Number of protein chains: 2
Amino acid sequence: MLELRDRPAPEPGHWQVRVRVRASALNRADLHQRMGNYPAPPGSPADIPGMEYAGEVDAVGSGATMWPVGSRVMGIVGGGAHAELLCVSEREVLPMPDSLSFEEGAAIPEVFLTAYDALYRQLDVQLGERVLVHAIGSGVGTAALQLARLSGVTVYGTSRSEEKLERAKSLGLVHGIDTAAPDWAGRLEALAGANAMHAVMDLVGGDYLGDNLRVLAPRGRLCVIGLTAGRHSEIDLGVVLRNRLKIIGTALRSRTPEEKATLAREFAQRIVPLFDSDRLRPVIERVFPFEEIGAAHTELASNGTFGKLVLRW
Amino acid sequence: MLELRDRPAPEPGHWQVRVRVRASALNRADLHQRMGNYPAPPGSPADIPGMEYAGEVDAVGSGATMWPVGSRVMGIVGGGAHAELLCVSEREVLPMPDSLSFEEGAAIPEVFLTAYDALYRQLDVQLGERVLVHAIGSGVGTAALQLARLSGVTVYGTSRSEEKLERAKSLGLVHGIDTAAPDWAGRLEALAGANAMHAVMDLVGGDYLGDNLRVLAPRGRLCVIGLTAGRHSEIDLGVVLRNRLKIIGTALRSRTPEEKATLAREFAQRIVPLFDSDRLRPVIERVFPFEEIGAAHTELASNGTFGKLVLRW
C-alpha cells in the first residue's frame with residue numbers, strides 16, 4: 001500500500017548531509033519490499049521506500065566537510081529515498097555529473113553501481129574477455145552493457161523480448177540472444193563457440209544456473225545479483241570443479257557502511273566523469289511524478305520497461 | 001587391471017629432468033582412472049598411472065639447469081609416476097626436504113599442494129578465521145589441518161569415523177564433528193555458532209552443499225575440490241546472494257604447465273622448509289611395495305585410511 005504522507009524533517013547527524021531529493025527511481029527490490037518480502041535493513045526507515053536519489057544538499061551535519069549546501073549529489077541508500085528530504089553519510093554520497101538533470105542523475109546510482117561492482121570488483125572482467133549479461137534491457141543490464149563496452153569487453157546480452165534486444169543495439173549491443181525461444185545456451189554457443197564466456201552476470205537465477213555454468217570458459221566466473229526466476233536450482237558440481245569455475249553471490253544493500261563508502265568513492269573517481277564526457281548515459285524508460293508512484297510500480301512489474309523508471313517531485 | 005610391465009626408458013626433453021622414482025603414493029583419482037572415469041590428461045601416458053613421486057634426478061635434458069644429477073626431488077605429474085623412471089619439466093619439480101626419506105617425501109606433493117592451493121590461493125584464509133575441512137582424516141584433510149593451524153586459522157574437521165577424528169587430534173584438531181551421525185551442520189553450529197565459518201574446504205560434494213552454504217559467514221567462501229559423495233546437488237541461490245558467498249571449483253590436474261610451475265615454485269619457497277623444521281609432517285597410513293599396488297588400491301577404496309598410502313620400489 002503506497003501513499004504520500006507528511007513526516008517531520010530529518011536532521012543530519014554527525015558526518016551526514018541532508019539532501020533535498022529532486023528525483024528518485026524504482027528498483028525491483030522496491031516491489032519486493034512493498035509485498036513484504038524484502039524488509040529495509042536496520043538503520044533505514046521501515047516505511048519509507050526508495051533506494052536511490054538525486055538532489056541538492058540543503059543542510060550539513062557536524063563533522064561533515066565534503067558537500068557544501070547547494071551541492072548537486074546522488075547516491076544509494078538502504079531506504080527512505082522516496083521522500084523530499086533524506087539524511088546520508090557524506091562518504092556514501094556521489095557527485096552529480098554537471099551535464100545531467102536530476103531526473104537523469106536519479107537513474108544512475110543503483111544500476112551503475114551494481115553493474116560496476118559486479119563487472120570489475122566481483123567478476124574482474126578484463127580487456128578482450130567475453131561477458132554474458134542476462135536481462136540486457138533491465139536497468140542493470142543497460143548499465144553493464146555500456147561499462148563493459150567502454151573497457152573493451154565483448155558483451156553477449158539476453159532478453160525475453162526482441163524489442164528490448166533491438167533497443168539494446170542502440171547502446172552498442174552486437175550479440176543479442178532471445179531467451180523466450182528454447183535453448184538459449186545452444187544458440188549462444190552457435191554465435192560464440194563452446195565454453196566461450198569468461199564471465200556471466202546473472203540477474204535471473206532459477207534454472208538459468210545450469211546453462212550459465214555450461215557456457216563458461218575454464219576458470220570462468222558467474223556473478224549472481226538477481227533471482228527474478230527464483231532462488232532454487234540444481235547444480236552439477238562436477239562442471240564447477242573440472243572447469244575451475246567461481247560462483248559469486250553479491251548484493252549492495254546488505255553491505256557495511258565502510259564497504260558502501262569505499263565503493264562510492266571509487267565510483268565517484270572513476271565512473272562519474274564518464275557521464276560528463278558522454279561515454280555513459282542513464283537509460284530512462286519514463287519519468288513519473290511521485291504522486292503516480294503506484295502506476296510506476298505497476299509498470300515495473302509488467303517487465304516491459306527498458307532501462308529505468310524515474311520518480312520526480 | 002593393474003600389472004607391472006617393462007617399458008623403454010624415457011629420455012628427458014628440453015627443460016626436463018629424468019627422475020629415478022624411489023617412492024610414489026596413491027590418490028583417489030588413481031581409483032577413478034583405473035575404473036575408466038578419469039582419463040589421463042593430454043601429454044601424460046594413458047596407461048601408466050601415478051600422480052606424484054619422490055626420487056633422484058638421474059639425467060638432465062637440454063636447457064635444464066635447476067637440478068643436477070643426484071638431486072633429491074619430488075612433485076606432481078598428470079600421470080606416469082607409478083614407474084621407475086619419469087621425465088618432468090624442471091620448473092614443476094620440488095626439492096625434497098633433507099630430513100625426510102623418499103617414502104615420506106612421496107606422501108607430500110598431491111595433498112600438501114592441493115591443501116596449500118585451496119587454503120591460500122582459492123579460499124584466501126587469513127589469521128583468526130575459522131575453516132571447516134571435510135574428510136579431515138584424508139590425505140588432503142590432514143595436510144590442510146596442519147597448514148591452517150600453522151597460519152593461525154582455527155580448523156573444524158569432519159569425518160564419518162570417530163577413530164579418524166581421534167587420530168586427527170594428534171595432529172592438533174580441536175573441533176571434530178562426526179558426520180556419520182545426523183545433522184552435522186546443527187552440531188557444528190552448537191560448537192561454533194551460526195554462520196561462523198569463514199571458509200569451507202569440501203572434498204565430499206553431493207548433498208553437503210546446502211549445509212556448507214548454511215554454515216558460512218557473510219562473505220564466506222566454499223572451495224570444492226572433491227566429489228566423493230557425487231556431483232549433483234540442489235542449491236539455494238538466495239543464500240549465496242544474501243550472504244554474498246563465493247563457490248570456487250578447483251583441480252590441479254587440468255591446469256596449464258605455467259600454472260603448475262607457478263604453484264610449485266611458490267610451494268618450494270614457502271612450504272618445503274616447514275618440513276625440515278618439523279612444523280609439517282607427511283601422514284602415512286601404510287607403505288606398500290609396488291608389487292602390491294592392487295592391495296593398496298583396495299585399501300584406499302575401503303575409506304578406512306588415515307593419511308596416505310605410499311608405494312615404494
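Remember, it's a predicted structure, so these values are computed and weren't measured experimentally.

Calculation criteria
Residues numbered from 1 in each chain as written. Chains lettered and ligands numbered in written order. Predicted model: local features only at pLDDT ≥ 70, side-chain atom pairs only at ≥ 80, totals over all residues. Heavy atoms only, no water. Domains from an automatic or database assignment. Contact = heavy atoms within 4.5 Å. Buried area = accessible area lost by both parts, 1.4 Å probe. Salt bridge = Lys/Arg side-chain N within 4 Å of Asp/Glu carboxyl O. Polar contact = N/O pair within 3.5 Å; in protein donor to acceptor, adjacent residues only side chain to side chain. Helix = DSSP H or I, 4+ residues; strand = E, 2+ residues; numbered from the N terminus. Buried < 20%, exposed > 50% of the residue type's maximum accessible area, 1.4 Å probe, protein only. Least-squares fit on C-alpha atoms with pLDDT ≥ 70 in both. Phe/Tyr/Trp six-rings, centres within 6.5 Å; stacked < 30°, edge-to-face > 60°. Lys NZ or Arg CZ within 6 Å of the ring centre and 35° of its normal. Nonpolar A, V, L, I, M, F, W, Y, C, P; charged D, E, K, R; others polar. Pairing = 2+ DSSP bridges.

1. Digging into the domain arrangement of chain A
How big an interface is tends to be stated in terms of the accessible area lost upon association of its parts.
All names here are of chain A.
Part 1 of the reasoning: Domain annotation of chain A identifies domain 1 (16-108 + 256-312) and domain 2 (111-249).
Part 2 of the reasoning: In this structure, domain 1 and domain 2 have C-alpha centres spaced 26 Å apart.
Part 3 of the reasoning: The interface is formed by 25 residues belonging to domain 1 together with 19 residues belonging to domain 2.
Part 4 of the reasoning: Interface of domain 1 and domain 2: buried area, both sides summed, is about 2,000 Å²; carbon and sulfur atoms make up 65% of it.
Part 5 of the reasoning: The three residues of domain 1 that bury the most area against domain 2 are Leu263, Arg281 and Phe306, which together make up 31% of that side's buried surface.
Part 6 of the reasoning: Run the count over domain 1 and domain 2 and you get two salt bridges.
Part 7 of the reasoning: Here domain 1 and domain 2 share ten residue pairs in polar contact (both at pLDDT 80 or more) between them.
Part 8 of the reasoning: Of all the secondary structure elements, the ones that give two or more residues to the side of domain 1 that touches domain 2 are helix H9 (257-270) and helix H10 (272-276).
Part 9 of the reasoning: Sorting elements by how many residues they give to the side of domain 1 that touches domain 2 places H9 first, with five residues.

2. Quick notes on the pattern of salt bridges
Part 1 of the reasoning: Scanning all chains against the criterion turns up 46 salt bridges over all chains.
Part 2 of the reasoning: Note that A:Glu163 and A:Arg167 form a salt bridge whose closest N and O atoms lie 3.8 Å from each other. With A:Glu163 and A:Arg167 both in helix H5 (residues 162-169) and four residues apart, this pair spans about one turn of that helix.
Part 3 of the reasoning: The exposed category is assigned to A:Glu163, whose relative accessible area is 53%.
Part 4 of the reasoning: A residue is classified by how much of its surface remains accessible, and A:Arg167, at 29% relative accessible area, is partly exposed.
Part 5 of the reasoning: Here B:Arg270 makes a salt bridge to B:Glu266, at a shortest N to O gap of 3.5 Å. Highlighted residues: B:Arg270 and B:Glu266, both in helix H9 (residues 257-270), separated by four residues, approximately one helical turn.

3. Section: the relation of the copies chain B and chain A
Both copies of the chain are related by a screw-like operation: a rotation about an axis and a shift along it.
Part 1 of the reasoning: Note on the copies: chain B fits chain A at an RMSD of 0.0 Å, the axial shift is 0.0 Å, and the rotation between them is 180°. Such a combination of rotation and displacement between the chain copies is what one expects of a two-fold axis.
Part 2 of the reasoning: With an isologous cut-off of 70% or more, the 100% of interface residues of chain B that recur at the interface of chain A puts this contact in the isologous class.

4. Considerations on the packing of aromatic side chains
Part 1 of the reasoning: Applying the stated criterion across every chain yields a total of ten aromatic pairs over all chains.
Part 2 of the reasoning: Aromatic pair A:Tyr116 and A:Tyr120: ring centres 5.5 Å apart, planes at 40°, arrangement tilted. With A:Tyr116 and A:Tyr120 both in helix H3 (residues 109-122) and four residues apart, this pair spans about one turn of that helix.
Part 3 of the reasoning: Given a relative accessible area of 22%, A:Tyr120 falls into the partly exposed group.
Part 4 of the reasoning: Their ring planes at 25° and their centres at 4.1 Å tell us that B:Phe290 and B:Trp313 sit as a pair that is stacked. Of the two residues, B:Phe290 sits in the loop between strand E13 (284-289) and helix H11 (293-301) while B:Trp313 sits in the segment after strand E14 (308-312), which places them 23 residues apart along the sequence.
Part 5 of the reasoning: Of the residues examined, B:Phe290 reaches a relative accessible area of 1% and is grouped as buried.
Part 6 of the reasoning: Among the aromatic residues, those joined into a cluster by ring pairs are A:Tyr116, A:Tyr120 and A:Phe267.
Part 7 of the reasoning: It is B:Arg253 that lies over the ring of B:Tyr38; its NZ or CZ is 4.6 Å from the centre.

5. A few points about the interface of chain B and chain A
Part 1 of the reasoning: With 31 residues of chain B in contact, the opposing surface of chain A contributes 31 residues.
Part 2 of the reasoning: Interface area, chain B with chain A, both sides summed: about 2,600 Å², of which 54% is carbon and sulfur.
Part 3 of the reasoning: For the chain B face of the interface with chain A, the top three residues by lost area are B:Leu237, B:Leu241 and B:Arg244, together amounting to 26%.
Part 4 of the reasoning: Counting every contact that joins chain B to chain A gives six salt bridges.
Part 5 of the reasoning: Across the pair B:Glu259 and A:Arg244 runs a salt bridge whose closest N-O atoms are separated by 2.9 Å.
Part 6 of the reasoning: On the surface where chain B and chain A come into contact, there are 13 residue pairs in polar contact (both at pLDDT 80 or more).
Part 7 of the reasoning: Residue assignment for the side of chain B that touches chain A shows that the elements contributing at least two residues are strand E10 (216-224), strand E11 (232-236), helix H8 (237-242) and strand E12 (246-249) of chain B.
Part 8 of the reasoning: Looking at the side of chain B that touches chain A residue by residue, the classes come out as 13 nonpolar, nine polar and nine charged.
Part 9 of the reasoning: Bridging between strand E11 (residues 232-236) of chain A and E11(B) involves five bridges; their strand directions are antiparallel. Residue pairing in the sheet places A:His232 in a bridge with B:Asp236 of E11(B).

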